[in-house]
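Summary of structural features
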Amino acid sequence: MQQSSTLAADVAPREYAGGKMLAARQDGVGVVTFNQPSKHNAISVEMWGGLGQILDEFAADDGVRVVVLTGAGTRAFVSGADISQFEQQRSNADAQRAYDEQTSVGRRKLASFPKPTIARVRGYCLGGGLAIAMQTDLRIASSDSQFGIPAAKLGIAYGLEGLRNLVSLVGPANARMIMYTGERFGAEEALRIGLINRVVAPEDLETHVFELAQIIANNAPLSVAASRLTINQLLLDAQERDPAAVARASVACFDSEDYREGRAAFLEKRKPRFKGR
Ligand code: COA
């Protein structure tokens, strides 16, 4: 595994949404930071726009193979939607529809992002923040993280998309417990019910996630993309699936330069150098 300094250390981040969203890049890993620590990184409408812009840039950047999403500081990943905007922007069903339209561009970009994504979670990961984490491919959390969806404490509803991700990760029984109680729970419980992939000590979180991202970034991109596409397709209802796309992804792997490189590297007892073609 390639050793390197920590992510935040050596790339000056670019600012979006007036500095409330940050983007940085290092060694094939793009990092998106929700940066509103005074509100535990609650996500505002403007931040959704910034997230969409960053994801577009990372999608087009061949130097980015994996994207890590994280929150600024040590207290929160994202504490949910910015409730201070609810009075103006989400006060009834009509306003909610307009809010959904404004934020759905960023949501769709995250859901359909073409490269692997990892949520690096420290502290509060609540409501819309947990929904963001659930839209990523892998969730790694520090042992001091807290999770929850307080919809029932606010009086709001989650749509099909939001709950589809939750139910597919934790099953209906755990999803009901989370939604009906709205209570917060810790990282060990989140791990036990399958909401997150791993729990690590807070001081190890950044390095652990960076090394994991590097492992994925150094693997054959077409193979990782095929797995990602196929697993996502399996989570759709059967009639929504696109078997032709899965078949194309498989053909792309078996006909790739990288597959030849993978075989040659194994026989020559060296590390493969994959190019994504
Ligand atoms: N939207 C807007 N502001 C938020 C916020 C959110 N989702 N979450 C936290 N904040 C703000 C608080 O209002 C507070 O602002 P203030 O300093 O101006 O009073 C600041 O962030 C610090 O939060 P505070 O409540 O003092 O910290 P805490 O550690 O005691 O509690 C939380 C943290 C996250 C448990 C608590 O703030 C909370 O329950 N937030 C709402 C979570 C939620 O319902 N999210 C779902 C929205 S869909």
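Residues numbered from 1 in each chain as written. Predicted model: local features only at pLDDT ≥ 70, side-chain atom pairs only at ≥ 80, totals over all residues. Heavy atoms only, no water.

Here's the deal with the domain arrangement of the protein
As assigned here, the protein comprises domain 1 (14-218) and domain 2 (221-268). When each unit is reduced to the centre of its C-alpha atoms, the spacing between domain 1 and domain 2 is 26 Å. Listed as interface residues are ten residues of domain 1 and, on the opposing side, seven residues of domain 2. Carbon and sulfur atoms make up 43% of the area that domain 1 and domain 2 hide from each other, which totals about 620 Å². Here domain 1 is connected to domain 2 by two salt bridges. For R164, the salt bridge is made with E240, and the minimal N-O distance between the two is 3.7 Å. (Domains from an automatic or database assignment. Contact = heavy atoms within 4.5 Å. Buried area = accessible area lost by both parts, 1.4 Å probe. Salt bridge = Lys/Arg side-chain N within 4 Å of Asp/Glu carboxyl O.)

Some words on the site of the ligand
The local shell around the ligand holds 15 residues, among which R75, S79, A81, I83 and Y124 are the closest. In this structure, H40 approaches the ligand through a side-chain N or O atom, which is 3.1 Å from an oxygen atom. Take A81: an N or O atom from its main chain is 2.9 Å from a nitrogen atom of the ligand. Taken by itself the ligand offers 860 Å² of open surface, and the protein chains cover 58% of this. Looking at side-chain class alone, the shell around the ligand contains seven nonpolar, four polar and four charged residues. (Near = heavy atom within 4 Å. Polar contact = N/O pair within 3.5 Å; in protein donor to acceptor, adjacent residues only side chain to side chain. Areas by Shrake-Rupley, 256 points an atom, 1.4 Å probe, with all protein chains shown as cover. Nonpolar A, V, L, I, M, F, W, Y, C, P; charged D, E, K, R; others polar.)

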